[in-house]
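# Descriptive analysis of the structure
Chain by chain, the residues run as shown.
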Amino acid sequence: MRTVPRWALVSSGCAPVLLISGWTVAARLEGPAYDPFTQTISVLAAYGAAGSWVMTGAMLALGTCHLLTAWALRAAAPAGRVALAAGGAAALLVALLPAPSSGGSLRHGSVAAVAFTLLAVWPVLAAGRGGATPWALRPGPCAAATAAMCAGAAWFLMEMGHQGPAGAVERLVTTLQSVWPFVVVVSCVRTPPPGDGRTP
């Protein structure tokens, strides 16, 4: 029996597809007034936005996908699985606590920051050691993934402060965060379980 069930390919693979489809459709519903280069995803899910129901649904689906993937990733270290699951739960809260139509929201911003942080640090917390460890759960790739996500988050905060292309940076970071669980699952599924006589 494999360490990670094959259905995790569906839960992890659907995460980026649903997220990207959500913000694409929501932006189309919002029309030309919305600028995806400078405006964040939260604007699409804000109260009164034309596509808020689409973006909210996408965030709920994303959080659910992360929860299911964390449950399935038995090859990962427990701390990483907990962080991924918590990141999924935070994504659900982000969807349930949308930003107002104008101005900021401390609740929304705080929950979004928690989600960003958890989904950035879970790879390094999930790392394992040993020759049978899937490559995406080895310390090097895990550290590189976390470093890239943290750097992207810092870049996003900088662009927010300077009114730069925050929307484009946010999409880059959230795409990476949603794709990495799928990369990990693929590496786990492709790695033979210990004792089956094949070389990992």
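One structure accompanies this document, and this report is about it. (Residues numbered from 1 in each chain as written. Predicted model: local features only at pLDDT ≥ 70, side-chain atom pairs only at ≥ 80, totals over all residues. Heavy atoms only, no water.)

### Some points on the overall build of the protein chain
When you go through the protein chain residue by residue, the secondary structure sums to 7 helices and 0 strands. Reading the helices (α) and strands (β) of the protein chain from amino to carboxyl end gives α-α-α-α-α-α-α. For the protein chain, the C-alpha radius of gyration of 17 Å lies close to 16 Å, the compact-globule estimate for 200 residues. Taking the principal axes of the C-alpha coordinates as reference, the protein chain spans close to 60 × 30 × 25 Å. Across the 200 residues that make up the protein chain, the buried fraction comes to 44%. Look at the contacts in the protein chain between residues 6 or more apart in sequence, and 69% of them connect residues 24 or more apart. Accessible surface computed for the protein chain: about 9600 Å², of which carbon and sulfur atoms make up 70%. One finds the centroid of the 11 positive side-chain charges in the protein chain at a distance of 19 Å from the centroid of its 5 negative side-chain charges. (Helix = DSSP H or I, 4+ residues; strand = E, 2+ residues; numbered from the N terminus. Rg over C-alpha atoms; globule rule 2.2 N^0.38 Å. Buried < 20%, exposed > 50% of the residue type's maximum accessible area, 1.4 Å probe, protein only. Contact = heavy atoms within 4.5 Å. Areas by Shrake-Rupley, 256 points an atom, 1.4 Å probe, with all protein chains shown as cover. Lys, Arg positive; Asp, Glu negative; His and termini not counted. Charge placed at Lys NZ, Arg CZ, Asp CG, Glu CD.)

### So, the nonpolar core
Leu19, Trp23, Leu44, Met55, Met59 and Val94 are the most contacted members of the largest nonpolar core, which totals 22 residues. Elements supplying a minimum of two residues to this core: helix 1 (8-30), helix 2 (41-45), helix 3 (52-72), helix 4 (78-96) and helix 5 (106-126). Of the residues forming this core, the biggest block, 6 residues, is contributed by helix 3. Ignoring anything within four residues of it in the chain, the contact list for Val94 reads Met59, His108, Val111, Ala112 and Ala115. Ala70, Leu119, Val185 and Val189 belong to the second-largest nonpolar core, a separate cluster that totals 21 residues. (Core = buried A, V, L, I, M, F, W, Y, C linked by side-chain atoms within 4.5 Å.)

### Digging into helix 4
Here helix 4 is 19 residues long and its end C-alpha atoms lie 27 Å apart, about the 27 Å a rise of 1.5 Å per residue gives. Within the sequence span of helix 4, burial applies to Gly80, Ala83, Leu84, Gly87, Gly88, Ala90, Ala91, Val94 and Ala95. Along helix 4, the residues classed as buried sweep out an arc of 160° about the axis, all on the same side. Opposite the buried face of helix 4, at more than 90 degrees from it, the exposed residues are Pro78, Val82 and Leu96. (Expected span 1.5 Å × (residues − 1). Arc of directions from axis to C-beta.)

### Comments concerning the packing of helix 6 (residues 139-162) against helix 7 (residues 166-190)
Relative orientation of the contacting elements helix 6 and helix 7 amounts to 160°, with a least axis distance of 9 Å. Put simply, helix 6 runs roughly antiparallel to helix 7. In this structure, helix 6 crosses over helix 7, and the sense of that crossing is left-handed. Of helix 7, the residues touching helix 6 (which contributes Pro141, Ala145, Ala148, Met149, Gly152, Ala153, Trp155, Phe156, Glu159 and Met160) are Ala166, Val169, Glu170, Leu172, Val173, Leu176, Gln177 and Trp180. The residue makeup of the contact of helix 6 with helix 7, split by class, is 14 nonpolar, 2 polar and 2 charged. (Axes fitted to C-alpha atoms, helices over the stretch in contact; angles between N-to-C directions. Parallel < 35°, antiparallel > 145°, perpendicular 65-115°, else oblique. Left-handed = near helix turned anticlockwise from the far one by under 90°. Nonpolar A, V, L, I, M, F, W, Y, C, P; charged D, E, K, R; others polar.)

### What about the packing of aromatic side chains?
Under the definition given, this model contains 3 aromatic pairs. Consider the rings of Trp135 and Trp180, whose centres lie 6.5 Å apart with planes at 85°: the pair is edge-to-face. Highlighted residues: Trp135 in the loop between helix 5 and helix 6 and Trp180 in helix 7, separated in sequence by 45 residues. Accessibility expressed as a relative area gives 11% for Trp180, which makes it buried. The cationic tip of Arg171 hangs over the ring face of Trp23; the distance from NZ or CZ to the ring centre is 5.3 Å. (Phe/Tyr/Trp six-rings, centres within 6.5 Å; stacked < 30°, edge-to-face > 60°. Lys NZ or Arg CZ within 6 Å of the ring centre and 35° of its normal.)

### A look at the environment of Trp155
With respect to the secondary-structure elements, Trp155 resides in helix 6. Note: C-alpha distance between Trp155 and Ala132 (23 residues apart in sequence) is 35 Å. Beyond its immediate stretch of four places on either side in the chain, Trp155 contacts Val169 and Leu172.

### Side note on the side chain of Thr40
Topologically, Thr40 is positioned in the loop between helix 1 and helix 2. Not counting residues up to four positions away in its chain, the partners in contact with Thr40 are Tyr34, Phe156, Met160, Gly167, Glu170 and Arg171.

### What about unusual backbone geometry?
Phi at Gln163 is positive, roughly 55°, even though this residue is not glycine. With respect to the helices, strands and loops of the structure, Gln163 is situated in the loop between helix 6 and helix 7.

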